[in-house]
Amino acid sequence: MKSFQAIPVGIITLGCPKNTADMEGVLSLLSKKYVLSSIEESEVLLFNTCAFLKRARDEVYEHLEKLKEKKVVLFGCLAGTLREDIFTTHPQVRAVVSGIHYPKMNSILDAVVIGKRMFAVSREPKEFLELKGKLLLTPPSYAYVKIAEGCDNACSYCLIPKLKGKYRSRKLESIVEEVKDLVALGIKEIDLVAQDCGFYGRDLSPKKTMLDLLRAVVSIPGDFWVRILYIYPERITDDLLQFIQENEKICRYLDIPLQHGDPAILKAMSRPHDILRIKKRITQIREIVPEITLRTSFIVGFPGEEERGFANLLRFIDDIRFDHVGIFEYSREPGTKSYGLPDQIDEETKKDRRMKAMLLQQKISLRANESCLGKTLKTLVESYDEKKKMYAGRPMRFAPEIDGTLFVRSSKPLPLNTFAPVTIEKAESYDLFGRAAGI
């Protein structure tokens, strides 16, 4: 009788948390024939790609150059854009797999191991693809839960609808079951992710809403909180805000992509462009949820962004005073409506404008963090920083991976992956420092 020899599989995941959730789902499908290993020791490499921007695609090919001795299975956003000539230009690529074929990953790997090449690329499915499992890649404190795929927004700069198809909501019952499983594992933060969480449920029958989903999630017993990532301002209803305000399990935190602060640029982006209305809505959000933390993202250097338009963006940043802001240089992407627009901005100007906007936001973020001084914040303690000799964690105002860290000093050991009250003693532009309250 032959002894069983597991085949080592390495992984690389690029891009956003939605990609992380996809990789976790794919890994949960693998048979016992395959075992996770380091990239160096792997026989096959699962490579989950991002293709949102040129630099993301460039990163894929930079990785491939370092993987010439591997058998690489490419999937993720880039897969649907590739042709079979990838096998000639990059012989290390042995399979290309688009989303609808993820459930077949075991048979695809079986073929790759014996030397075959597989080009499993088809149009995106019309409904959310359920993978029925999850092998966590995040730390034990938090997990990403994907609630939808694709996007129906027609932003002129964005490739997502072409890459991922139309918006498809996941069934509410399926999301709730996953959250129950994660809470049972001891996960303390559930991060709901989609291209636009606010659009959730409109395509389901019967229709659902983000409010319906939150009601179901917070009813799950357990000591955890839930965070909404990526919700467009036009989807944020008063009922949703009131529910956030009334429920301790929901992080008082919203990531609201606004993209710009000049009405002409926003119109060219095919985004809502009534600045006064946007400002009024932000004011209303803060009135209904007074302690809310707001994050947004902006694009600088969009075609036609003259000095006046950029000045309007800086003024908007200064007026809305969001706690956290990500600022990105416009990337001219073939296949988008904005690709052919006149008055493209040169790269040096983009970099200069991004730096100016970031310097302005750093001052605003510092003042926002300073507003926490003296307050005691419920904090998710996640690790111990040996260099600083302090614990590291996050209050509600910090989302994982993109925001800051709260460093905590304590005279007694703090159990990891638990909530603790922390009194804030020092604030920097991105991070906070404090002491464990009552210790």
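Scoring rules and cut-offs
Residues numbered from 1 in each chain as written. Predicted model: local features only at pLDDT ≥ 70, side-chain atom pairs only at ≥ 80, totals over all residues. Heavy atoms only, no water. 1 Å grid on protein atoms, 1.4 Å probe; cavity = no way out; pocket = protein on both sides within 12 Å on 5 of 7 lines; lining within 4 Å. Points joined across faces, edges and corners; volume = space filled by probe spheres on them. Nonpolar A, V, L, I, M, F, W, Y, C, P; charged D, E, K, R; others polar. Axes fitted to C-alpha atoms, helices over the stretch in contact; angles between N-to-C directions. Helix = DSSP H or I, 4+ residues; strand = E, 2+ residues; numbered from the N terminus. Parallel < 35°, antiparallel > 145°, perpendicular 65-115°, else oblique. Left-handed = near helix turned anticlockwise from the far one by under 90°. Contact = heavy atoms within 4.5 Å. Expected span 1.5 Å × (residues − 1). Buried < 20%, exposed > 50% of the residue type's maximum accessible area, 1.4 Å probe, protein only. Arc of directions from axis to C-beta. Polar contact = N/O pair within 3.5 Å; in protein donor to acceptor, adjacent residues only side chain to side chain. Phe/Tyr/Trp six-rings, centres within 6.5 Å; stacked < 30°, edge-to-face > 60°. Pairing = 2+ DSSP bridges. Right-handed = clockwise from strand over helix to strand, strands pointing away. Core = buried A, V, L, I, M, F, W, Y, C linked by side-chain atoms within 4.5 Å.

A. Quick peek at empty space enclosed by the protein. All chains considered together, the criterion is met by one cavity of 30 Å³ or more. One number sums up the size of the largest cavity: a volume of about 50 Å³. Along its surface, the largest cavity is lined by P233, E234, P257, L258, L266, R271, P272 and I278. Taken together, the residues of the lining of the largest cavity break down into six nonpolar, no polar and two charged.

B. Representation of the packing of helix α10 (residues 275-288) against helix α11 (residues 307-320). For the pair α10 and α11, the least separation of the axes is 11 Å and the interaxial angle reads 20°. Here α10 lies roughly parallel to α11, going by the angle between them. The way α10 lies across α11 gives a crossing that is right-handed. Contacts between α10 and α11 involve I275, I278, K279, I282 and R286 on the former and, on the latter, F316, D319 and I320. Within the contact of α10 with α11, the residues separate by chemical class into five nonpolar, no polar and three charged.

C. Spatial organisation of α10. Taking 1.5 Å of rise per residue, the 14 residues of α10 would be expected to cover 20 Å, and the 20 Å separating its terminal C-alpha atoms lies within 8% of that figure. Among the residues of α10, those classed as buried are I275, I278, R281, I282 and I285. Along α10, the residues classed as buried sweep out an arc of 125° about the axis, all on the same side. In α10, those exposed residues whose orientation departs by more than 90 degrees from the buried face are L276, R277, K280 and E287. For α10, the elements touching its buried residues are α8 (238-246), α9 (263-268), β13 (293-300) and α11. For α10, the N-terminal cap is D274; the gap from its side-chain oxygen to the backbone nitrogen of L276 is 3.3 Å.

D. Seen up close, the packing of aromatic side chains. Applying the stated rule across the entire model yields nine aromatic pairs. Summarising the aromatic geometry, the rings of F75 and Y102 are spaced 5.4 Å apart at their centres and angled 80° between planes, so their arrangement reads as edge-to-face. Taken together, the residues span a long stretch of sequence, with F75 in strand β4 (residues 71-76) and Y102 in the loop between β5 (93-97) and α4 (105-113) at a distance of 27 residues. Here F75 matches Y102 in class, with each residue buried. Where F407 meets F433, the ring centres are 5.4 Å apart and the plane angle is 25°; that geometry is what we call stacked.

E. Spatial organisation of the pairing of strand β14 (residues 324-329). β14 sits mainly inside the fold: five of its six residues count as buried. Two strands pair when backbone bridges link them, and β13 and β14 are joined in this way by six bridges, in the parallel orientation. Bridging across to β14, I299 finds its partner in F328. Crossover β13 to β14 through α11 is right-handed.

F. Quick peek at the side chain of N48. You can see N48 is positioned in strand β3 (residues 44-49). With sequence-adjacent residues up to four places away left out, N48 is seen in contact with I12, T13, L14, N19, D22, M23, F75 and G76.

G. Up close: the packing of α11 against helix α12 (residues 347-370). At their nearest, the axes of α11 and α12 sit 10 Å apart, and the two run at 15° to each other. Taken together, the axis directions place α11 and α12 in an arrangement best described as roughly parallel. Pair α11 / α12 crosses with right-handed handedness. Contacts between α11 and α12 involve E307, F310, L314, I317 and D318 on the former and, on the latter, R353, K356, A357, L360, Q361 and I364. When the residues that make up the contact of α11 with α12 are grouped by side-chain class, the tally is six nonpolar, one polar and four charged.

H. Structural detail: the nonpolar core. In this structure, I147 and L254 are the most contacted members of the largest nonpolar core, which totals 71 residues. When residues of this core are assigned to their parent elements, the largest contribution, seven residues, is made by helix α7 (residues 210-218). Contact partners of L254, with chain neighbours within four places excluded, come to I228, I231, I236, L241, I244, I292, T293, L294 and R295. By size, the runner-up hydrophobic cluster in this structure holds 22 residues, among which are C50, L67, C77 and I86.

I. Summary view of the sheet that holds strand β11 (residues 225-228). Sheet architecture is open: six strands sit in the order β7-β10-β11-β12-β13-β14, paired in parallel fashion. Only two strands of the sheet have a single partner each, and these edge strands are β7 (142-146) and β14. On average, adjacent strands in this sheet sit at an angle of 20° to one another, irrespective of strand direction. Helix α6 (residues 172-184) rests against β7 and β10 (189-193) of the sheet, and its axis sits at about 170° to β7. Where α8 meets the sheet, it contacts β11 and β12 (250-255), and its direction lies at approximately 140° from that of β12.

J. How the structure looks around the sheet that holds β4. Ordered by their spatial adjacency, six strands build an open sheet running β2-β1-β3-β4-β5-β6, and the pairing between neighbours is parallel. Strands with a single pairing partner mark the edges of an open sheet, and in this sheet they are β2 (34-36) and β6 (118-120). With strand direction ignored, the average angle separating the axes of adjacent strands in the sheet is 25°. Pairing geometry for β5 and β6, over three bridges, is parallel. For V96, the partnering residue across the bridge sits in β6 and is F119. Contacting β1 (7-13), β3, β4 and β5, helix α2 (residues 54-65) crosses the sheet at an angle of about 165° to β3. The strands touched by α4 are β1, β2, β3, β4, β5 and β6; relative to β4, the strand with the most contacts, the crossing angle is about 155°.

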